[in-house]
Amino acid sequence: MAKSKARTIEVYDVNDIMAMLDCSKSYAYGIIKKLREEIEQLGYLNIVPAGKIQKSYFDKRLICSEVEANVCVK
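What counts, and where the lines are drawn
- Throughout this document, residue positions are counted from 1 along each chain, in the order its sequence is written.
- In keeping with the predicted nature of the model, local features appear solely for residues at pLDDT of at least 70, side-chain atom pairs appear and are counted solely at 80 or more, and the whole-chain, interface and lining totals rest on all residues.
- The basis for every side-chain value is the complete set of non-hydrogen atoms in the structure, without hydrogens or water.
- Helix numbering and strand numbering both begin at the N terminus, where a helix is a DSSP run of H or I of at least 4 residues and a strand a DSSP run of E of at least 2.
- The contact criterion used throughout is that any non-hydrogen atoms of two residues lie within 4.5 Å.
- The term salt bridge refers to a pairing of a side-chain nitrogen on Lys or Arg with a carboxyl oxygen on Asp or Glu at a separation within 4 Å.
- Only protein chains enter the accessibility calculation, which uses a 1.4 Å probe. A residue is then buried if its area is under 20% of the maximum for its type, exposed if over 50%, and partly exposed in between.

Caption draft 1: Here's a closer look at the environment of Ile17. Positionally, Ile17 belongs in helix α1 (residues 14–21). Placed 36 residues apart in sequence, Ile17 and Ile53 show a C-alpha to C-alpha distance of 9.4 Å. When neighbours within four sequence positions are excluded, Ile17 is seen to be in contact with Tyr12, Asp22, Cys23, Ala28, Ile32, Ile53 and Phe58.

Printed below as a string of structure tokens:
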């Protein structure tokens, strides 16, 4: 029997977002909601459970490198 090569989707939950952004739970949920809406507007199927966001999308949208720091949303 062949082993499945399915990828697991890595996600952040509200506690992860709170820790990274040093923000309240309600603000973290708002960020998650906004990013999930963006994913759907791009036409992608969002299979991640509610209250969570894919790490890759969060990192792409909100984590800035030192080079990008001057254009980051603060």
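Caption draft 2: Structural detail: the pattern of salt bridges. Under the criterion given, the structure shown has two salt bridges. With a shortest N-O distance of 3.6 Å, Glu38 and Lys34 are connected by a salt bridge. Residue Glu38 and its partner Lys34 are both found in helix α2 (residues 25–41); the two are separated by four residues, about one turn of the helix. Take Glu38: its relative accessible area is 13%, and that puts it in the buried class. Taking the relative accessible area as the measure of exposure, Lys34 reaches 48% and is therefore partly exposed. The partner of Arg61 in a salt bridge is Glu38, and the shortest N-O contact between them spans 2.7 Å. Of the two residues, Arg61 sits in helix α3 (residues 55–62) while Glu38 sits in helix α2, which places them 23 residues apart along the sequence.

This is a description of form; function is not addressed.
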